[in-house]
Every structure is written in C-alpha cells, then in structure tokens.
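Residues per chain, in single letters:
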Amino acid sequence: MSTAEDIRDFKGHDLFSIDAGRSVLDATRLMEGKGIGALPVSDGSAHLAGVLSERDCARATILRGLAADSTSIGGIMTKEVIAVDLATLVDKCMYLMSHHKIRHLPVKNGRDLVGILSGSDVMRFVVREQNITIEALESFIHDDQGGEGTETDSVHQCGRLAGHKKLSSKITILQDTN
C-alpha cells in the first residue's frame, strides 16, 4: 500500500517554510515565487506552529482589510494543524483532507517536518498509480493472448509494473480459477 512518503518522493522533497513573525506580503511573495499554495509556519524553532495558505492571506487582506506588509503571519495562520507521518497510507491522507476540508497536509518524520502534500499532489499520485496498474493489467492480458513469455513472467511483470506486492498474488489467483 502506498504512503505519504511515496507521494512526497513522487512530488519531490522541496520544502519551503516561513517564520510566524514575517509579514503576509513576505509569505505571499514566497508562495508566488515558488509556485506553491501554502507554507508551513515555524515559531523560531523546528516546531510546526501552523500552516499559512494563499486563502488565509486573501481573507486577511481582502475581506478583513489588513495590510499585507504589516500583518504578521502568526496572527492569521491556521494553528490547529492536522499532520501525518511518512507511513500514513494514501487513503488515510485523502480521508483527512476530505473530512477536515483541508487542502494541505504537513508530513512529519517523528517531530521533524519533512514535507507538505497538497490535494493536487495526492490526486496526481493516485492517478499515476492507477495508470501504472492499468498498463500492467493490459500487458498481462496481451501476454495471455498469445504474446511471448510465460504466465509466470506475465504475473511477475504485472506485479512489478504496478508496484504493488498484492497485485501479483491477485493475478495468480485469477489464473488458478480459469
């Protein structure tokens, strides 16, 4: 089963954060420059103090009329952060994001922040995994219809392509019932 670590590896290990004392303008410029929609916020230590999203910035400056250059991030960031660890299953990440209506999910390794996943990161990863599985199954079906190689080769190739340990055993079971 795939985990938050697999998504982080797929999207890349770049991690940008900002200190809670910096301004909303600083954070907005950083997010714009890096092409990201949220930043983990630190409190001067390695501790995750909160998460700041573009939406937080827009609400503070547009709806509440706060000045972007003089409003500190610490006053507008989300402080009650839901985070996962590297071993958290992808399904659990999707559930947490959907259930709590959050778009960004920090990833920790113990107490250390090691990444942040966006809903888009998770979706692209899941779609890629599904495409790999489909390709592997199509390859298996093609090989089973007179292609070269043995059934055992096809099963192992299918399991390897999909990156799923269980897929190979499922296909073997399907072969045994025919």
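Conventions we followed
- Residues numbered from 1 in each chain as written.
- Predicted model: local features only at pLDDT ≥ 70, side-chain atom pairs only at ≥ 80, totals over all residues.
- Heavy atoms only, no water.
- Pairing = 2+ DSSP bridges.
- Helix = DSSP H or I, 4+ residues; strand = E, 2+ residues; numbered from the N terminus.
- Contact = heavy atoms within 4.5 Å.
- Axes fitted to C-alpha atoms, helices over the stretch in contact; angles between N-to-C directions.
- Buried < 20%, exposed > 50% of the residue type's maximum accessible area, 1.4 Å probe, protein only.
- Salt bridge = Lys/Arg side-chain N within 4 Å of Asp/Glu carboxyl O.

1. Describing the pairing of strand S5 (residues 104–109)
Right, on to step 1. In the sheet, strand S4 (residues 84–85) pairs with S5 via 2 bridges, with the strands oriented parallel. By the bridge assignment for S5, aspartate 85 is matched with lysine 108.
Right, on to step 2. Between the end of S5 and the start of strand S6 (residues 112–118), which pair antiparallel, lie 2 residues, with glycine 110 showing a positive phi angle near 70°.

2. Considering the sheet that holds S4
Right, on to step 1. Across the sheet, 3 strands lie side by side as S4-S5-S6; this open sheet has mixed pairing. Edge positions in the sheet fall to S4 and S6, since each of these pairs with one other strand and no more.
Right, on to step 2. Sitting on the sheet, helix H1 (residues 4–11) touches S4, S5 and S6, and the angle it makes with S6 is about 75°.

3. Concerning the environment of alanine 49
Right, on to step 1. Topologically, alanine 49 is positioned in strand S3 (residues 48–53).
Right, on to step 2. Overall, alanine 49 belongs to the buried group, its relative accessible area being 17%.
Right, on to step 3. For the pair alanine 49 and aspartate 19, spaced 30 residues apart in the sequence, the C-alpha separation amounts to 8.9 Å.
Right, on to step 4. Apart from residues no more than four positions distant in its own chain, alanine 49 is found in contact with Val41, Ser42, Asp43, Met77, Thr78 and Lys79.

4. Examining the pattern of salt bridges
Right, on to step 1. On inspection of all chains with the given rule, the structure shows 5 salt bridges.
Right, on to step 2. The salt bridge involving arginine 8 is made with aspartate 9; its shortest N-O contact spans 3.9 Å.
Right, on to step 3. In this structure aspartate 9 comes out as partly exposed when scored by relative accessible area, which is 40%.
Right, on to step 4. Here lysine 11 ties to aspartate 121 by a salt bridge, and the two come within 3.3 Å at their closest N and O atoms. In this pair, lysine 11 is assigned in helix H1 and aspartate 121 in helix H5 (residues 119–144), connecting sequence segments 110 residues apart.
Right, on to step 5. Residue aspartate 121 is classed as buried on the basis of its relative accessible area, which comes to 8%.
Right, on to step 6. Salt bridges here are not isolated pairs; linked through shared partners, they connect Lys11, Asp121 and Arg124.

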